[in-house]
Amino acid sequence: MPQRPRVLVARKLFDDVLEPLAAACELQTNPDDRTASPQELRDWMRDKQGALITGSERIDSALLDACPQLRVVSTMTVGYDHIDVAACAQRGVVVTHAPDVLDETTADFGMALLLGAARQLGEAERYLRAGSWKNWSASLFAGSDVHGSTLGIVGMGRIGRAVARRAALGFGMRILYHNRRRLEESLERESGASYRDLDELLQQSDHVLLALPYSAEARHLIGAGQLARMRRGATLVNIGRGGLVDEAALAAALHAGHLGAAGLDVFENEPTPNPVLLDAPRLLITPHIASASLPTRRAMVRLAVDNLLAVLGGGAPLTPVAPPRAGA
Ligand code: DGY
């Protein structure tokens, strides 16, 4: 009987969802639900053919060099900026990710963060719990309206479009969008969204939501200059990746009162956000949980398992990450 492939499951995931993997492979699982150090990850992956990872494990060429038998890295996330995909391709390691299954849940959260930031839910709750509420006041936590306003979405992939549908149909918002490539007319129509270049979008939106993946070119896409171009009192929401926003510039724009509010689910340095954010006013922050409904997190792990089983069984991955084109 051929040897069962050895697979690392880098974090504590859902045992029942992992069952098919456990049945087909020899599994090593991270005994604690914490991110492994680079050394631990190297030690655990050294003799493995497959790895099921989350967004917290960094796969780089040094690690790959220590894992000569590795055939597939399957991340349970849609984002894959933690994986050096080119280095994997050079070594014949297949990379898979988990798109589609989290779109609706993440879009729900995008709306929640937008509403929560614009209406100052975080600060209002802290104020009440601290016993600071002595009087009702007409201007107490009077934020900005979401309904009927203009939402600018940067990154009009599946998640961006799912936010657009909610915003247009549920909140009567006018939708502008910016994307690397303009959408086909039918998709624009379906999302009720009009294309703008980034500066126009920033100038014309009451609220701006980032839903694009991270890449080196997109680092600090929203910096001091872009924040200054946003409308006074506007809201910035980021459900993409922390590195898209210059966090020090964002904190400064909130302190200066130019930005009305911001909502961040992602940070440049996770899990330890830049301290300048922690005392910025009118900022709602959450610990990278936009896709965190139980059914969705289970579906993400299930897809990661199916990808691993497909590749280790000699078949094609279900949702591969395409290696970057040479010269791209
Ligand atoms: C993703 O899937 O990329 C989410 O951001 C969770 O990490």
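If you're wondering where the values come from, they're calculated on a predicted model, not measured in any experiment.

### Describing unusual backbone geometry
Outside of glycine, negative phi angles account for most residues, and trans bonds account for most peptide bonds.
Then comes step 1: A cis amide bond links glutamate 270 to the next residue, proline 271, at an omega of 10 degrees.
Then comes step 2: As for its position among the elements, proline 271 is in the loop between strand E11 (259-264) and helix H12 (275-278).
Then comes step 3: Unusually for a residue other than glycine, aspartate 100 sits at a positive phi of about 75 degrees.
Then comes step 4: Relative to the elements of secondary structure, aspartate 100 occurs in the loop between strand E5 (94-96) and helix H5 (103-118).
Then comes step 5: Positive phi values are uncommon outside glycine, yet phenylalanine 141 reaches one of about 50 degrees.
Then comes step 6: Inspection of the secondary structure assignment puts phenylalanine 141 in the loop between helix H6 (121-129) and strand E6 (150-154).
Then comes step 7: Judged by relative accessible area, which is 23%, phenylalanine 141 ranks as partly exposed.

### What about the site of the ligand?
Then comes step 1: Close to the ligand lie Thr77, Val78, Gly79, Leu102, Arg241, His288, Ser291 and Met300.
Then comes step 2: Between the ligand and the protein, one listed contact pairs an oxygen atom with a side-chain N or O atom of arginine 241 at 2.7 Å.
Then comes step 3: Contact between the ligand and histidine 288: an oxygen atom at 2.7 Å from a side-chain N or O atom of the residue.
Then comes step 4: Within the complex, the protein chains bury 87% of what would otherwise be the 230 Å² of accessible surface of the ligand.

### Focus on the pattern of salt bridges
Then comes step 1: Under the defined criterion, the tally for this structure stands at 19 salt bridges.
Then comes step 2: A salt bridge links arginine 34 to aspartate 32, with the nearest nitrogen and oxygen atoms 3.8 Å apart.
Then comes step 3: Owing to a relative accessible area of 38%, aspartate 32 belongs among the partly exposed residues under this scheme.
Then comes step 4: Its salt-bridge partner being arginine 165, residue glutamate 104 comes within 2.8 Å of it at the nearest N-O pair. Of this pair, glutamate 104 sits in helix H5 while arginine 165 sits in helix H7 (residues 158-171); the two residues are 61 residues apart in sequence, bridging distant segments of the chain.
Then comes step 5: We classify arginine 165 as partly exposed; its relative accessible area is 28%.
Then comes step 6: Among the charged side chains, a salt-bridge network with shared partners connects Glu104, Asp108, Arg165 and Arg166.

### Structural notes on the sheet that holds strand E4 (residues 72-75)
Then comes step 1: With respect to topology, five strands assemble into an open sheet ordered E2-E1-E3-E4-E5, the strand pairing being parallel. At either end of the open sheet lies a strand with only one pairing partner, and these are strand E2 (26-29) and E5. Ignoring strand direction, the axes of neighbouring strands in this sheet form an average angle of 15 degrees.
Then comes step 2: Strand direction decides the pairing type here: strand E3 (residues 50-53) and E4, joined by four bridges, are parallel. Residue leucine 52 lies in a different strand from E4, and its bridge partner there is serine 74.
Then comes step 3: Against the sheet, helix H13 (residues 294-312) contacts strand E1 (6-9), E3, E4 and E5, and its axis sits at roughly 165 degrees relative to E4.

### Quick notes on the environment of alanine 62
Then comes step 1: In this structure, alanine 62 sits in helix H3 (residues 61-65).
Then comes step 2: Looking at alanine 62, the relative accessible area reads 46%, which means it is partly exposed.
Then comes step 3: Taking C-alpha positions, alanine 62 is 37 Å from leucine 236, a pair spaced 174 residues apart along the chain.

### A short note on the side chain of threonine 75
Then comes step 1: Within the secondary structure layout, threonine 75 lies in strand E4.
Then comes step 2: Look at threonine 75 and you get buried, because its relative accessible area is 0%.

### Looking at the sheet that holds E6
Then comes step 1: Strand order in the open sheet made by the seven strands is E8-E7-E6-E9-E10-E11-E12, with parallel pairing throughout. Pairing within the sheet leaves two strands with one partner each, and these edge strands are strand E8 (193-195) and strand E12 (283-285). Averaged over all adjacent pairs, the angle separating strand axes in this sheet is 20 degrees, with direction ignored.
Then comes step 2: Summarising the sheet, strand E9 (residues 207-210) and strand E10 (residues 234-238) pair through four bridges and their orientation is parallel. Within E10, the residue paired with leucine 210 across the bridge is asparagine 238.
Then comes step 3: Relative to E6, H7 is tilted by about 175 degrees, and along the sheet it contacts E6, strand E7 (174-178) and E9.

Parameters and conventions
- Residues numbered from 1 in each chain as written.
- Predicted model: local features only at pLDDT ≥ 70, side-chain atom pairs only at ≥ 80, totals over all residues.
- Heavy atoms only, no water.
- Helix = DSSP H or I, 4+ residues; strand = E, 2+ residues; numbered from the N terminus.
- Buried < 20%, exposed > 50% of the residue type's maximum accessible area, 1.4 Å probe, protein only.
- Near = heavy atom within 4 Å.
- Polar contact = N/O pair within 3.5 Å; in protein donor to acceptor, adjacent residues only side chain to side chain.
- Areas by Shrake-Rupley, 256 points an atom, 1.4 Å probe, with all protein chains shown as cover.
- Salt bridge = Lys/Arg side-chain N within 4 Å of Asp/Glu carboxyl O.
- Pairing = 2+ DSSP bridges.
- Axes fitted to C-alpha atoms, helices over the stretch in contact; angles between N-to-C directions.
- Contact = heavy atoms within 4.5 Å.

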